[in-house]
Amino acid sequence: MLARLEPAAGAADRSQGGDDGSCWQPCGKRGGMLRGLPPSPVVTLNHAVAVAMAEGPAAGLDMLGPLLQDRQMRRHHRLHAVRAHLLEMDGRVEEARAAYAIAARLTTSIPEQRYLNTKAAPREPVGPASVPIPGYHPR
């Protein structure tokens, strides 16, 4: 489902001369493009992504709470991968890394495991604080 919505939203953005994600708004609004689909945890997961793209990651994360309580969905790697991505977008890096690790353990796809484990791994800081300044020795 999301595989069909994302390109449609991107194409709509480009047709309007932008790429700011504003075309996620029809998908993210309650009763938007997802209204005609029968309710299910997977539809809710896709809707949470659309809401996050339209309104911000916190809004999408709020929608994931009930899915984390669902016994079947809790074992689905995509729920944890989506949660991790939204946490990362929200600046909650340590929580995101933990969620990526859970997703990596749950998937059976080796390429997905590699990708998710890479996202879960600690990263070196990037930016001015991590770049040595020649001749500078802090006391």
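To start, this report covers the structure provided alongside it. (Residues numbered from 1 in each chain as written. Predicted model: local features only at pLDDT ≥ 70, side-chain atom pairs only at ≥ 80, totals over all residues. Heavy atoms only, no water.)

Looking at helix 4 (residues 57-69)
Here comes step 1: Taking 1.5 Å of rise per residue, the 13 residues of helix 4 would be expected to cover 18 Å, and the 19 Å separating its terminal C-alpha atoms lies within 8% of that figure.
Here comes step 2: Of all the bends in helix 4, the largest measures some 30° and sits at Met 63, one to four residues before the proline Pro 66.
Here comes step 3: For helix 4, the complete set of buried residues consists of Pro 57, Gly 60, Leu 61, Met 63, Leu 64 and Leu 67.
Here comes step 4: Here the buried face of helix 4 lies against helix 3 (41-55), helix 5 (71-74) and helix 6 (77-89). (Helix = DSSP H or I, 4+ residues; strand = E, 2+ residues; numbered from the N terminus. Expected span 1.5 Å × (residues − 1). Bend = angle between axes of the 7 residues up to and from the residue. Buried < 20%, exposed > 50% of the residue type's maximum accessible area, 1.4 Å probe, protein only. Contact = heavy atoms within 4.5 Å.)

As for the environment of Arg 97
Here comes step 1: For Arg 97, the position within the fold is in helix 7 (residues 93-106).
Here comes step 2: The spatial distance from the C-alpha of Arg 97 to the C-alpha of His 85 is 9.2 Å, given a sequence separation of 12 residues.
Here comes step 3: A polar contact is formed between the side chain of Arg 97 and the side chain of Glu 94, at a distance of 2.6 Å. (Polar contact = N/O pair within 3.5 Å; in protein donor to acceptor, adjacent residues only side chain to side chain.)

Points about the pattern of salt bridges
Here comes step 1: Counted by the stated rule, this structure contains 4 salt bridges.
Here comes step 2: Among the ionic pairs, Arg 92 bridges to Glu 95, the shortest N-O distance being 2.9 Å.
Here comes step 3: As a salt-bridge pair, Arg 97 and Glu 94 come within 2.6 Å of each other at their nearest N and O atoms. Separated by 3 residues within a single helix, Arg 97 and Glu 94 lie in helix 7, roughly one turn from each other.
Here comes step 4: For Arg 97, a relative accessible area of 19% gives the class buried.
Here comes step 5: In this structure, a network of salt bridges that share partners links the residues Asp 90, Arg 92 and Glu 95. (Salt bridge = Lys/Arg side-chain N within 4 Å of Asp/Glu carboxyl O.)

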